[in-house]
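Breakdown of the fold
What follows is each chain in one-letter form.
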Amino acid sequence: MVWLLVAFPALGAALLLTWGKESDRFGHLIATAASAASFVWGVVLFVRLLGRDHDDRTVTDTLFTWISTGDFHVEMSFVYDPLAALFVLLITGVGTLIHVYSIGYMEHDERRRRFFAFLNLFVAAMLVLVLAGDYLVLFLGWEGVGLASYLLIGFWQHKPTAAAAAKKAFVVNRVGDIGMALAIMLMFKEFGTTEIAAVGDSVAGTAASTITALGLLLLLGACGKSAQVPLQSWLLDAMEGPTPVSALIHAATMVTAGVYLVVRSNAIFDASETARTAVVVVGLVTLIAGAIIGCAKDDIKKALAGSTMSQIGYMMLAAGLGPAGYAFAIFHLVTHGFFKANMFLGAGSVMHAMDDDVNMRHYGALRTALPVTFATFGLGYLAIIGFPGFSGFFSKDKIIEAALAHNVWIGLATVLGAGITAFYMTRLMAMTFAGQKRWKDEVHPHESPRVMTVPLMVLAAASVLGGILLLGDWITDWLEPVVGHTEHEHVVILGAEWPPIAVSALVTVVVAVGVALAWFTYGRREVAGETPEKVSFLTRFARNDLYGDTVNEWVAVRPTMTLARGIARFDQHGFHRAITGAVGLIGEGASSMRAWQNGFVRSYALGVFVGALALTLALLVVIWR
Amino acid sequence: MSDLLSLSMILFTIGAVGVLVRRNALIVFMCVELMLNATNLAFVAFAREHGNLDGQLAAFFVMVVAAAEVVVGLAIIIAIHRSRGSISVDEVRQVRG
Amino acid sequence: MTAFGVVAPIIVIAALGLLFARKAVHAALALAVVMIGLAVLYAANGAPFLFAVQIIVYTGAIMMLFLFVVMLVGVESGPEAVSDPIPGQRVAASFVGLAFGVMLVIGVGQVLANGFSAPVAAVEDENVEGLAALMFGPYVLAFQFTAALLVTAVLGAMVLAHQDRLTPKASQAELAAQRVRDFGADGKHPGNAPTPGVYARHNAVDVPALLPDGTPLESSVPGSLVKRGQVIRPPVTGPGLGEGNGEAGGGSGPRADGEAGGGSGPRADGEAGGGSGPRAEGEQSE
C-alpha cells in the first residue's frame, strides 16, 4: 500500500484543480489534510519498516506494467526502503507544516486554492521521485517536480520578474534533464533495463568508461535540480515565488532531489572514481560559491537561498565521498530540511510583518516585535551554524570529518565554508533582529497568527533535536542496507592523527571566529539603511551571484540568440522567399489549370475515357512486345 | 467468337461516345445501359469460348446490378428534374473550378 | 452464324440511333431494339437462360421504367440545342471514340489470333440447370448480396423520389376561395377552362376550341401539348382571314406548319414567338 502515499496529495491536487469556485472556502483544508494523511501513512509504514528485520527492509509495490515492448519492461513500482522512508517522512512532514503555514500566509490571496493544489502536486511528484523503483518512474517524478516548481515560482504571474524566474528555473532544469534523459537512455542501451536495482546489479560487468559517463550524466541531472554550479543560477531567482514555496523547494523537495539521485545511484558512483571526484568538486565549488553569495545579499530570502546552495554543496560533497559519506549526506539533508524550512518560514513571517519588504537593511531590532519568530529563527540559526548540541552541529561535523579524512585540503575548504556560513547567518540575524530599528514609521511589525507560528515552533524543535538521529549511529545503520557504509579513515593533519572531538573543536573555533567577525561588522556597528554603492570588488562579485548570470549570458544566451537571429534571417530571406516563390508558382499553375474544371460532367467523362484509351493502349503495347 | 467480341466493342464505344455527347440525362443513362449490355455480350462470348457457364453467370449478375442501378439512377433523375426543372447534365455543374 | 449476320447490323444501327435520336422516347425505342437483338444473340450462343432474362428484365422491366420516366419528365425536355456548350466536345468525343473502337477491335483480333484455346464443346444442354448449380453453389454468397443490393436500391429510390408535403392539403372550400381571390386580384377566370376540340375532323385534345369570333383559344388545349408544339391549328374562318389552311401543309407534320403559317391572326403569331420558341427554332433548322 505504498502508493497511498502518492495517492493522497495527487488526489488532492486533482480535486482542487478541477473543483469550481465553491471549493475556495475549504480547498486549503483539503490540501493540508491530503498532505497530513500522507504523512500519517508514512509514519505507519515507517513503524512497520522498523519492525522488520535489518536486512529485509525493502517493500516493493508494483501497480502495473507501464511500458512493455520486446524485452524492455517498465513496471510502475514503488520501492519503500530505509532511504525512501526517510525522504517520505521529510517531504510529507515538512510539507504538511508548510501547508499549515501557507493557510495563514496565503490567506488574502484570491488564488489560494490553486496555490494549494500546486503544493499538493509538488509533494506528490516528489514522492513519486523518491519512491520510484525504476529510473523512468523516477524521471516522471523528476519532471513533475520541475513542473510544480515552475507553476509555484511563477505563481504571482502578474509580476514579470516572477514569470521570468519561473521560466529560468524551468529552462535551467531542462539542461539538467538532458543529462538525466541521456543517462536513462544509456542505461537502456547498456543494460537493457532502467530498473534501479537491476542497473545496480549490472554495473559490475560493465566498462569503466560507460559507468563514468553514466555517473557524469546523472551528476548533470543532479546539478540541475539541486542548483549546483554550473546550473545554480535559477535558485536565487526562484525567490520570486511565495515564501512557503521557497521553503518547500529548499527544504523538503526539489533541491534535495539531486542529492537523492546521487545517493540512490550509489552503485554507479561506487564504481567510478572519476564520477565521485566530479561530484566532490561540484559540491565544493557550490559550497563556497553559495556561502560567498550569501554574505553579500541584502534580500533576506536571497541570503537564505545562497545558504541553501552552500548546504546542498555540503551534501553533494558528502555523497561524492562514497559509502563513507552517503549516510551523512542524507543526515545533513534531513537536518537541513528542518532548519532551513524553519528559517524560510521565519523569513516569511518577518516579511509578513514588514509588509512584504525583503530588504534586511530596512529591518533591525525585530526581536521585540516578533518574539516567536525571533526565537524559532534563532534556534534554526544555531542549528545551521553548527552550535554544539544542535542538529546542524552533528550533521555538518560528520561531513567535515569525512572530507578531512578523504583529503585534507577539501576538508579544510569545508571548514572554511562552515566559517563563512557562521558569518553570513550571523549577519542575517544581526541585521534582522538586532541593532536599532531602521524600518519606517508607517510600518507596524506584528507577530504572525498562530497558524503560522505553530509550524515554526515544530520546525524549531526539530532543528534542535535533529541530532538525535545520529545517536548510536542509528542513521548509518538504518541506511546501511541501501547505500552501504564504511567508516572513514582517521583524520590526519600535519602528520598527526586528530580524534573526532578535535575536529569538532576546530570547526567550532572557526565558526566562532565567523560569528565574531559578523557581530563586530553588523551587530555592533550601525547598519546603513540603504545598500552601500562603494564596496569592494569581492562584495560586488558576490552581490552579482558571482557573475553566474553573466557567464550564462555570454556562454549560452548570446550565442544562442545570435544563432537564432541568423536562422531567422535565413528563414526570412532565403527560405521564406523560396517557399513563397514555389507557392506562387503552384498558385499560378493551379489557377491556369482551374479552367479545366469547367463543371461539365461530360467533360470529365471525356477525361476518364481518354485515360481508359491510354491505359488499354499501354496494355496492348506490353502484350505486343 | 471474334465477331461477337467486335460487336461488343463497337456497342461499347457507341455507348461511351453517347455518354460524352448527349446532354439529356435520360439518354446518357441509356448509353450507360448500352455499355453494360456490350460487356454482357462479351461475357457470353467468352463463356461460349471457354465452355463453361461462369461468364453467363457474370452477365446475369451484371443485369441484376444494372436493374438496381437503373432504379436509383432514374430516381435521381426525377429528383433533379423536380428541383431544377431540367434534366440536362450540363445544368448540374456546381463542381466548376 | 446466320443469326449474327442478320442481327448485328440491326443492333449497330439501333445503337447509332441512340446517338442521333432527337427525342428521348426515340432513343429508348432504339435501345429496346438493341436489347432484343442482343437477346437473340444470347439465344444463338448457348445462353437460353440469359435470353429469357434479357427479354424479361431489360426489355420488360428496365426499358419500361425508362419509358415511364420519359413520360414523367421527358415532355419538357425536348431535343438538344445544335451547338454543344463545351467547345470541341463533340469532335473530341468522336475522335476518342473512334480510336477506342478501332483499338479495341484490333486488340481483340490480335489477342485472339495469338492463340486462344479452340472452342470447347457447347454447353447448351442443361444451361439453366448448370447456371443454377453455379448460382446456388460457388456464387451463392454473391447471389445473396444481390438480394441485399436490390432491397437497398428500392429503399434508395423511395428516399430519392419521396417528397414530403410541407403544407397541408388545400380543401375544396379553400380552393374555391382562392379562385375567387385570384379573380378579384388579376381577373383570372374562376370557372373551368373551355374544352378543346370543335370540329368533327379534329374533335381531339390537340385542337383548340374556337371563340365566337372564330379565333382559336390556346388555353383550351393541355399545356404540355403546347410546349411540345403538337397543337393542331384549325382553319380559321373568322372575318378578315382568308388564307391559312394550316393543317393541310405537309412536311414535318401539321403542328410546325400551323405555327409557321404566318397569317393565322395575331394570336397565333404571338404564340409562335413565345410558347415554343427555341424548340420550334431547333426543329426548323434541322
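Residues numbered from 1 in each chain as written. Chains lettered and ligands numbered in written order. Predicted model: local features only at pLDDT ≥ 70, side-chain atom pairs only at ≥ 80, totals over all residues. Heavy atoms only, no water.

1. Some words on the overall build of chain B
Helix and strand content of chain B: three helices and zero strands. Put simply, chain B runs from its N terminus to its C terminus through helices and strands in the order α-α-α. Across the 97 residues of chain B, 65% fall into the buried class. Long-range contacts, defined here as pairs at least 24 residues apart, represent 58% of the contacts in chain B between residues at least 6 apart. If you sum the accessible surface of chain B, you get close to 3100 Å²; carbon and sulfur atoms cover 65% of it. (Helix = DSSP H or I, 4+ residues; strand = E, 2+ residues; numbered from the N terminus. Buried < 20%, exposed > 50% of the residue type's maximum accessible area, 1.4 Å probe, protein only. Contact = heavy atoms within 4.5 Å. Areas by Shrake-Rupley, 256 points an atom, 1.4 Å probe, with all protein chains shown as cover.)

2. A few points about the interface of chain A and chain B
Residue-level contacts link 11 residues of chain A with 13 residues of chain B. Around 1100 Å² of area is buried between chain A and chain B when both sides are counted, 63% of it from carbon and sulfur atoms. Area buried by chain A at its contact with chain B is led by F600, R602 and F609 of chain A, which between them contribute 52% of it. Summed over the shared surface of chain A and chain B, the number is zero salt bridges. (Buried area = accessible area lost by both parts, 1.4 Å probe. Salt bridge = Lys/Arg side-chain N within 4 Å of Asp/Glu carboxyl O.)

3. Topic: the interface of chain C and chain B
Tallying the contact residues gives 82 residues for chain C and 63 residues for chain B. Summed over both sides, the interface of chain C with chain B buries roughly 6500 Å², with 75% coming from carbon and sulfur. Counting across the interface, chain C meets chain B through zero salt bridges. Listing elements by their share of the side of chain C that touches chain B, those giving two or more residues are α1 (2-20), α2 (24-44), α3 (48-73), α4 (89-113), α5 (127-135) and α6 (140-161) of chain C. Considering each element in turn, the side of chain C that touches chain B owes the most residues, 13 residues, to α3 of chain C. Among the residues making up the side of chain C that touches chain B, the classes are represented as 61 nonpolar, 14 polar and seven charged. (Nonpolar A, V, L, I, M, F, W, Y, C, P; charged D, E, K, R; others polar.)

4. Notes on the nonpolar core
Residues and elements named next belong to chain A. Formed by 194 residues in total, the largest nonpolar core has its most connected members in Y80, L131, Y135, L138 and W234. The element best represented in this core is helix α15 (residues 326-353), accounting for 18 residues. Contacts of Y80, omitting those with residues within four sequence positions, involve V2, L5, G42, L45, F46, L49, R57, T58, V59, A85, V88 and L131. (Core = buried A, V, L, I, M, F, W, Y, C linked by side-chain atoms within 4.5 Å.)

5. A look at the side chain of N359 of chain A
Residue and element names in this part refer to chain A. As for its position among the elements, N359 is in the loop between α15 and α16 (371-385). Of note is the side chain of N359, whose polar atom sits 3.0 Å from the backbone nitrogen of R361. Aside from chain neighbours lying at most four places away, what touches N359 is D298 and T531. (Polar contact = N/O pair within 3.5 Å; in protein donor to acceptor, adjacent residues only side chain to side chain.)

6. Some words on helix α17 (residues 391-406) of chain A
Here α17 of chain A is 16 residues long and its end C-alpha atoms lie 23 Å apart, about the 22 Å a rise of 1.5 Å per residue gives. Burial within α17 of chain A is extensive, with 14 of its 16 residues counted as buried. (Expected span 1.5 Å × (residues − 1).)

7. A word on the packing of aromatic side chains
For the coordinates displayed, the defined rule picks out 23 aromatic pairs over all chains. Between F60 of chain B and F49 of chain C, the aromatic rings sit 5.8 Å apart at their centres with planes inclined by 45°, giving tilted as the arrangement. Taken together, the positions of F60 of chain B in helix α3 (residues 54-84) and F49 of chain C in helix α3 put the pair across two chains. Given a relative accessible area of 22%, F49 of chain C falls into the partly exposed group. Aromatic rings pair up to connect F115, F116, F118 and F155 of chain A into one cluster. (Phe/Tyr/Trp six-rings, centres within 6.5 Å; stacked < 30°, edge-to-face > 60°.)

8. Some details on the pairing of strand β2 (residues 72-80) of chain A
Burial within β2 of chain A is extensive, with seven of its nine residues counted as buried. Count of turn residues in the strand β1 (residues 59-69) of chain A/β2 of chain A antiparallel hairpin: two residues, of which G70 of chain A carries a positive phi of about 60°. (Pairing = 2+ DSSP bridges.)

9. Overview of the confidence of the model for chain C
Residues and elements named next belong to chain C. Confidence in the prediction for chain C averages 74 pLDDT; 70% of positions are at 70 or higher. With pLDDT under 50 throughout, residues 240-286 is counted as low confidence; its partners more than four residues away or in other chains account for 44 contacts. Interface predicted TM-score (ipTM) for the complex: 0.91; the corresponding pTM is 0.62. (pLDDT = per-residue confidence, 0-100.)

10. Details of the packing of helix α8 (residues 208-226) of chain A against helix α11 (residues 255-264) of chain A
All names here are of chain A. The geometry of α8 relative to α11 is characterised by a closest axis approach of 6 Å and an angle of 160° between their N-to-C directions. Here α8 lies roughly antiparallel to α11, going by the angle between them. Crossing geometry of α8 relative to α11 is assigned as left-handed. Contacts between α8 and α11 involve L218, A222, K225 and S226 from the former and V255, T256, A257, G258, V259, L261 and V262 from the latter. (Axes fitted to C-alpha atoms, helices over the stretch in contact; angles between N-to-C directions. Parallel < 35°, antiparallel > 145°, perpendicular 65-115°, else oblique. Left-handed = near helix turned anticlockwise from the far one by under 90°.)

11. Digging into the packing of α2 of chain C against α3 of chain C
Residue and element names in this part refer to chain C. The interhelical angle for the contact between α2 and α3, taken along N-to-C directions, is 175°, at an axis separation of 9 Å. Here α2 lies roughly antiparallel to α3, going by the angle between them. Between α2 and α3, the contacting residues are A24, V25, A28, L31, A32, M35, I36, L38, A39, V40, Y42 and A43 on the first element and L50, F51, Q54, I55, Y58, T59, M63, L67 and V70 on the second.

12. Some details on the pattern of salt bridges
Residues and elements named next belong to chain A. Under the criterion given, the structure shown has 13 salt bridges over all chains. A salt bridge links D81 to R264; its shortest N-O distance comes to 2.7 Å. You can see D81 sitting in the loop between β2 and α3 (82-105) and its partner R264 sitting in helix α11, a full 183 residues away along the chain. One exposure class covers both D81 and R264, and it is buried.

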